[in-house]
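A structural walkthrough
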Amino acid sequence: MTVIPYPMTGEESLFVLFRKPLGGKPSGKPNVTALAPIASIDGPWSVSFDPQWGGPAKVEFDTLTDWTHNADEGIRHYSGSAVYDKTFTAPAVEGPVFLDLGAVESLCEVTLNGENLGVLWSAPFRAEVTGKLKPGTTACK
């Protein structure tokens, strides 16, 4: 029997291929690094909507919330894309670093300090930022 502990979240899937027979006994040690929060990006976010689709050009969200609960009808009934913009102070960190966006309703394209990190389209909505996250002022879209 082969045991491969691999924590998964949301609707992740994984293929494991063994090219050679495995020998020995399982060590019982995890083969993945556990992730622990190092900082939280709190405070307001600037959000830009497309006015041609009925949204406001730019608003500030004190917290990230579901649009369908917003008091502004242009936001509550908006069905286009929006750009979230946030500047924050990043801590100095060694080792692997990930930006975890938590719950995202659909999909998102992430930019950090002008560098495109790609499209996140399934849980966990997480992008590796090792070497890209620099201590000090950081811009995230």
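Calculation criteria
- Residues numbered from 1 in each chain as written.
- Predicted model: local features only at pLDDT ≥ 70, side-chain atom pairs only at ≥ 80, totals over all residues.
- Heavy atoms only, no water.
- Helix = DSSP H or I, 4+ residues; strand = E, 2+ residues; numbered from the N terminus.
- Rg over C-alpha atoms; globule rule 2.2 N^0.38 Å.
- Buried < 20%, exposed > 50% of the residue type's maximum accessible area, 1.4 Å probe, protein only.
- Contact = heavy atoms within 4.5 Å.
- Areas by Shrake-Rupley, 256 points an atom, 1.4 Å probe, with all protein chains shown as cover.
- Phe/Tyr/Trp six-rings, centres within 6.5 Å; stacked < 30°, edge-to-face > 60°.
- Core = buried A, V, L, I, M, F, W, Y, C linked by side-chain atoms within 4.5 Å.
- Patch = residues over 30% accessible without salt bridge, like charges linked within 9 Å, V, L, I, M, F, W, Y side chains within 5 Å.
- Salt bridge = Lys/Arg side-chain N within 4 Å of Asp/Glu carboxyl O.

**A closer look at the overall build of the protein chain**
Broken down by element type, the protein chain carries 1 helix and 8 strands. Listed by position from the N terminus, the elements making up the protein chain come as β-β-α-β-β-β-β-β-β. A compact globule built from 141 residues should have a C-alpha radius of gyration of about 14 Å, whereas the protein chain, at 19 Å, is more than 25% larger. When the backbone C-alpha atoms are referred to their principal axes, the protein chain occupies close to 60 × 35 × 20 Å. Taking all 141 residues of the protein chain together, 20% fall into the buried category. For the protein chain, long-range pairs separated by at least 24 residues make up 55% of all intrachain contacts whose partners lie at least 6 apart in sequence. Surface exposure of the protein chain reaches about 10,600 Å², of which carbon and sulfur atoms provide 54%.

**Structural notes on the packing of aromatic side chains**
Taken as a whole, this structure holds 6 aromatic pairs when the rule is applied. Members of the aromatic cluster, joined through ring pairs, are W45, F49, F61, W67, Y78 and Y84.

**What to know about the nonpolar core**
Of all hydrophobic cores here, the largest spans 14 residues; its most connected members are V110, L112, V129 and L133. Counting only elements with at least two residues in this core, the list comes to β3 (83-90), β5 (108-112) and β6 (115-120). At 3 residues, the largest contribution of residues to this core is made by β5.

**A few points about a nonpolar patch on the surface**
A cluster of nonpolar residues, I4, Y6, M8, L14, V16 and F18, forms a patch on the protein surface that exposes about 530 Å² of accessible area. Of note, I4 is situated in the segment before β1 (45-48). On the basis of relative accessibility, which here comes to 35%, the residue I4 falls in the partly exposed class.

Purely geometric numbers; function is a separate question.
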